[in-house]
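The primary structure of each chain is shown beneath.
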Protein chains: 2
Amino acid sequence: MRRWRLLIEYDGGGFSGWQRQENGPSVQAALEDALFAYSGERRLVQGAGRTDAGVHAAGQVAHLDLERPSDAKTLRDAINFHLRPAPVAVLSAEAASEDFHARFSATARHYRYRILNRRAPPVLDAGRVWWVKQPLDADAMAEAAALLVGRHDFTSFRAADCQADSPLRTLDRLAVRRDGDFVTIEASARSFLHHQVRNMAGTLSLVGLGRWRPRRVGEALAAGDRSAAGPTAPPEGLCLTAVDYGER
Amino acid sequence: MRRWRLLIEYDGGGFSGWQRQENGPSVQAALEDALFAYSGERRLVQGAGRTDAGVHAAGQVAHLDLERPSDAKTLRDAINFHLRPAPVAVLSAEAASEDFHARFSATARHYRYRILNRRAPPVLDAGRVWWVKQPLDADAMAEAAALLVGRHDFTSFRAADCQADSPLRTLDRLAVRRDGDFVTIEASARSFLHHQVRNMAGTLSLVGLGRWRPRRVGEALAAGDRSAAGPTAPPEGLCLTAVDYGER
């Protein structure tokens, strides 16, 4: 038996999320089924981040154990072959140590939230961005974002169904920048609460629209109450871009 | 009657190309139909570049004449409203002088050709890139590309059905760069022959794969014979990114 680590890209649009579930297709099930088609083994594919329905990944990491002897390139190509035509691809596979755990060994997760900020609807980026028609002030959003960085009780930015034991998280980075018609939010932390990035993005959008002053985001954080913060931004703008592990 | 200039984005995947034709949907017809729905006027929408089936645009320019009084923002929003759900959007509209002609006034056209160069199939960029699995040497491609820059007879890179009077063109820029798994080719000229960019991209791919030495691209150019150059790269990697006009 050998443990493998996979780097994975997917379009979350047609999935109920990363995690295998009763109703609806999941990325995890697509990978587990492709792995079974290759190896005849029913194995758990354990991901680093349990992305929600509609959320994309350019750098999801997962691990799995496999009896069938393989080399890394063959495993990658075989899973990709059996994944077709699902919008999921294994970018790389590599042998991992027995104690490597995609979820618990992760030391940082990096998400990107993209807003297309123009009057015309998205075309080439359709399904990959949140379309906000009214002009956003990205500098004000960046000012507000800075108030969220650090170790805080993020209860105000946590989904009602969040199963984490504690609402305390350390947000290492929350950067906002404008690049033409795009406003991009980049968030990094060891881990996030359920919907945390989307709730932060939705709240920052209120600042960008001028409805909130930046400091109100700090007040929302301090309130420790979900109703004090802004709306949940839609999933299609969110992408899990990378996961870090201590050894790297 | 007023002349208007439009900046247009589209996903060429579902279209037979820019130009209105008997069989199959065209971007031009989609725009003309949306314009008719708004104004009740049947008008020609004249584009700067007649992109082929499957080719995208992020910065196509077109002009049209309209009796119905309108302001630029209303015209933009109204055409976008009536375009739905076609993957075409008017990014901006502006009043133009009577002698402005999207095609004949253009002083430069800029195209980008993107190759996804990795073993795993495209997912988030599916339909927007040419997938080349074997490793490409982008430096060798750049060296070969430099041999095509300048004023030349581009017969070797011209489609059999090209209707241009002359095969002489001045290629102002042909840059190749690698950015992670992407190899991007950027081409700029006052005008291009039919399939010229895709034929250059396909030929450069032979250099990238190591099948051709860079100098052979110069020999293919000098041969003045389509069969001396490489294959036509597929349309989905190509995008018309911008059109310049002298006054800007």
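Remember, predicted model here, so these are calculated numbers, not experimental data. (Residues numbered from 1 in each chain as written. Chains lettered and ligands numbered in written order. Predicted model: local features only at pLDDT ≥ 70, side-chain atom pairs only at ≥ 80, totals over all residues. Heavy atoms only, no water.)

Student: Just checking my understanding: could you explain the relation of the copies chain A and chain B for this structure?
Tutor: Relating the two copies of this chain is a rotation about some axis coupled with a shift parallel to it. Once chain A has been moved 0.0 Å along the axis and rotated by 180°, it coincides with chain B to within an RMSD of 0.0 Å. Here the two chains are linked by the operation of a two-fold rotation axis. Closest approach to the rotation axis among the C-alpha atoms of chain A is made by A:Asp125, whose C-alpha sits 4.8 Å away. Of the residues that chain A buries at the interface, 100% are likewise interface residues in chain B, meaning the two copies contact each other through the same surface. (Least-squares fit on C-alpha atoms with pLDDT ≥ 70 in both. Contact = heavy atoms within 4.5 Å.)

Student: Got a minute to help me understand the side chain of B:Glu186 in this structure?
Tutor: Residue and element names in this part refer to chain B. Residue placement: Glu-186 occurs in strand β9 (residues 182-189). There is a polar contact of 3.1 Å between the side chain of Glu-186 and the side chain of Arg-173. Ignoring sequence-local partners within four residues, the contact set of Glu-186 consists of Tyr-111, Arg-112, Arg-173, Leu-174, Ala-175 and Arg-177. (Helix = DSSP H or I, 4+ residues; strand = E, 2+ residues; numbered from the N terminus. Polar contact = N/O pair within 3.5 Å; in protein donor to acceptor, adjacent residues only side chain to side chain.)

Student: For this particular structure, what's the right way to read the packing of aromatic side chains?
Tutor: The geometry of an aromatic ring pair is captured by the separation of the ring centres together with the interplanar angle, meaning the angle of the planes. Scanning the model with the defined rule gives 10 aromatic pairs over all chains in all. Considering the side-chain rings of A:Tyr111 and A:Phe192, the 5.4 Å spacing of their centres and the 85° angle between planes classify their relative orientation as edge-to-face. Pair noted here: A:Tyr111 is in strand β5 (residues 106-116) and A:Phe192 is in the loop between β9 (182-189) and α4 (196-208), with a separation of 81 residues, a long-range link. Just as A:Tyr111 is buried, A:Phe192 falls in that class too. If you follow A:Arg2 out to its NZ or CZ, it ends over the ring of A:Trp4, 5.5 Å from the centre. When the ring centre of B:Phe36 is taken as origin, the NZ or CZ atom of B:Arg42, which lies over that ring, is 4.4 Å away. (Phe/Tyr/Trp six-rings, centres within 6.5 Å; stacked < 30°, edge-to-face > 60°. Buried < 20%, exposed > 50% of the residue type's maximum accessible area, 1.4 Å probe, protein only. Lys NZ or Arg CZ within 6 Å of the ring centre and 35° of its normal.)

Student: Honestly, the pattern of salt bridges in this entry has me stumped. Any pointers?
Tutor: Pairs may arise between side chains of opposite charge once their charged atoms sit close together. According to the stated counting rule, one finds 28 salt bridges over all chains in the structure shown. One salt bridge connects B:Arg118 with A:Glu9, and the closest N-O pair in it is separated by 2.8 Å. Taken together, the residues B:Arg118 in the loop between β5 (106-116) and β6 (130-131) and A:Glu9 in strand β1 (residues 2-10) connect one chain to another. Taken as a pair, B:Arg118 and A:Glu9 share a single burial class, namely buried. Linking A:Arg215 and A:Glu219 is a salt bridge whose minimum nitrogen-to-oxygen distance equals 3.9 Å. Of this pair, A:Arg215 and A:Glu219 both sit in helix α5 (residues 215-223), 4 residues apart, which is roughly one turn of the helix. The exposure class assigned to A:Arg215 is exposed, which follows from its relative accessible area of 53%. Taking relative accessible area as the criterion, A:Glu219 reaches 47% and is therefore assigned partly exposed. (Salt bridge = Lys/Arg side-chain N within 4 Å of Asp/Glu carboxyl O.)

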